[in-house]
Amino acid sequence: MARIIVTEFVSIDGVMEAPGGGEGFKHDGWSFEIDRGEGDQFKLDETRDTAALLLGRRTYEGFAAAWPSREGEFADLFNSMPKYVISSTLDKPEWANSTVLSGDVAEEVANLKETQDGNIVVHGSARLVQTLLEHDLVDELRLMVFPVVLGTGKRLFGETTDKKRLRLADSKVVGDGVTILTFERA
């Protein structure tokens, strides 16, 4: 059985929009303004331990435009691993090893968890993450919290029908005050 792991770059005020840039957001690329130090190694290790990616359509399209032309171990891993994209509009994904899941999101992801092994990791994909959290499908939440308040932008957390209790499994500070928080379902 697979585990769904959500991994995000977020500001102190919960903004997760365009941390790497390229989306036309007012603060595009904001995460690159702060040194992550050994946080880069954390992300590489996380990717080495990833069996597949699960992405919303918009994040998928951004990644599919960026990663195939990049080189290095991180890019090689991203480009070669299986990718599942949640979309009702994408017909022919062009990024290698991509599969479109177009049915009910909660059912599709629950089935994916049952039929796959290893860590299925979600990057970005705010609306998808909110749906997964609502349906208690997230096994682990990894937040790289950057010491900045952006004041505007897409927030990671939306409304839920009930509270969602988590347990802090690990925390550490890297680089210039970036905090890596790992939560598991309580």
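Above this text you will find the structure in question.
Below you will find a few notes about this structure. (Residues numbered from 1 in each chain as written. Predicted model: local features only at pLDDT ≥ 70, side-chain atom pairs only at ≥ 80, totals over all residues. Heavy atoms only, no water.)

1. So, the overall build of the protein chain
Link 1 in the chain: Scanning the protein chain for helices and strands turns up 5 helices and 8 strands.
Link 2 in the chain: Along the protein chain, from the amino end to the carboxyl end, the secondary structure elements read β-α-β-α-α-β-β-α-β-α-β-β-β.
Link 3 in the chain: Taking 2.2 N^0.38 as the reference for a compact globule, 186 residues should give roughly 16 Å; the C-alpha atoms of the protein chain span a radius of gyration of 16 Å, in line with that estimate.
Link 4 in the chain: When burial is assessed residue by residue, the protein chain has 45% of its 186 residues classed as buried.
Link 5 in the chain: For the protein chain, contacts bridging at least 24 residues in sequence account for 72% of all contacts bridging at least 6. (Helix = DSSP H or I, 4+ residues; strand = E, 2+ residues; numbered from the N terminus. Rg over C-alpha atoms; globule rule 2.2 N^0.38 Å. Buried < 20%, exposed > 50% of the residue type's maximum accessible area, 1.4 Å probe, protein only. Contact = heavy atoms within 4.5 Å.)

2. Examining the packing of aromatic side chains
Link 1 in the chain: All told, the structure shown has 7 aromatic pairs when counted by the stated rule.
Link 2 in the chain: Relative to Phe146, the ring of Trp30 has its centre 5.4 Å away and its plane inclined at 90°; by these criteria the two rings are edge-to-face. Of the two residues, Trp30 is situated in the loop between strand E1 (2–11) and helix H1 (39–48) and Phe146 in strand E6 (residues 140–146); the sequence distance between them amounts to 116 residues.
Link 3 in the chain: Look at Trp30 and you get buried, because its relative accessible area is 2%. (Phe/Tyr/Trp six-rings, centres within 6.5 Å; stacked < 30°, edge-to-face > 60°.)

3. Remarks on the environment of Gly124
Link 1 in the chain: Looking at where Gly124 falls in the secondary structure, it is placed in the loop between strand E5 (118–123) and helix H5 (126–134).
Link 2 in the chain: Judged by relative accessible area, Gly124 falls into the buried class, the value being 18%.
Link 3 in the chain: Taking C-alpha positions, Gly124 is 18 Å from Val148, a pair spaced 24 residues apart along the chain.
Link 4 in the chain: Residues contacting Gly124, with those up to four places away along its chain left out, are Thr7, Glu8, Met16, Thr59 and Val129.

4. Brief notes about helix H2 (residues 57–66)
Link 1 in the chain: Within H2, burial applies to Thr59, Tyr60 and Phe63. Projected onto a plane normal to the axis of H2, the buried residues spread over an arc of 100° and lie on a single side. The outward face of H2, more than 90 degrees from its buried face, is lined by the exposed residues Arg58 and Ala65.
Link 2 in the chain: Here the buried face of H2 lies against strand E2 (50–56), helix H3 (73–80), strand E3 (83–86), strand E4 (98–101) and E5. (Arc of directions from axis to C-beta.)

5. Structural notes on the side chain of Lys83
Link 1 in the chain: Inspection of the secondary structure assignment puts Lys83 in strand E3.
Link 2 in the chain: Ignoring sequence-local partners within four residues, the contact set of Lys83 consists of Leu53, Phe78, Trp95, Ala96, Asn97, Ser98 and Thr99.

6. Overview of the pattern of salt bridges
Link 1 in the chain: Here the structure, examined in full by the defined rule, presents 13 salt bridges.
Link 2 in the chain: In this structure, the salt-bridge partner of Glu61 is Arg57, at a minimum N-O distance of 2.8 Å. With Glu61 and Arg57 both in helix H2 and 4 residues apart, the pair spans about one turn of that helix.
Link 3 in the chain: The partly exposed category is assigned to Glu61, whose relative accessible area is 36%.
Link 4 in the chain: By sharing partners, the salt bridges in this structure join Arg3, Lys43, Glu46, Glu140 and Arg142 into a single network. (Salt bridge = Lys/Arg side-chain N within 4 Å of Asp/Glu carboxyl O.)

7. Concerning the pairing of strand E7 (residues 166–174)
Link 1 in the chain: Summarising the sheet, E7 and strand E8 (residues 178–185) pair through 8 bridges and their orientation is antiparallel. Its bridge partner being in E8, Val173 is matched across the sheet by Thr179.
Link 2 in the chain: Where E7 folds back on E8, the antiparallel hairpin that results is connected by 3 residues, among which Gly175 adopts a positive phi of roughly 55°. (Pairing = 2+ DSSP bridges.)

That is the geometry; function is a separate question.
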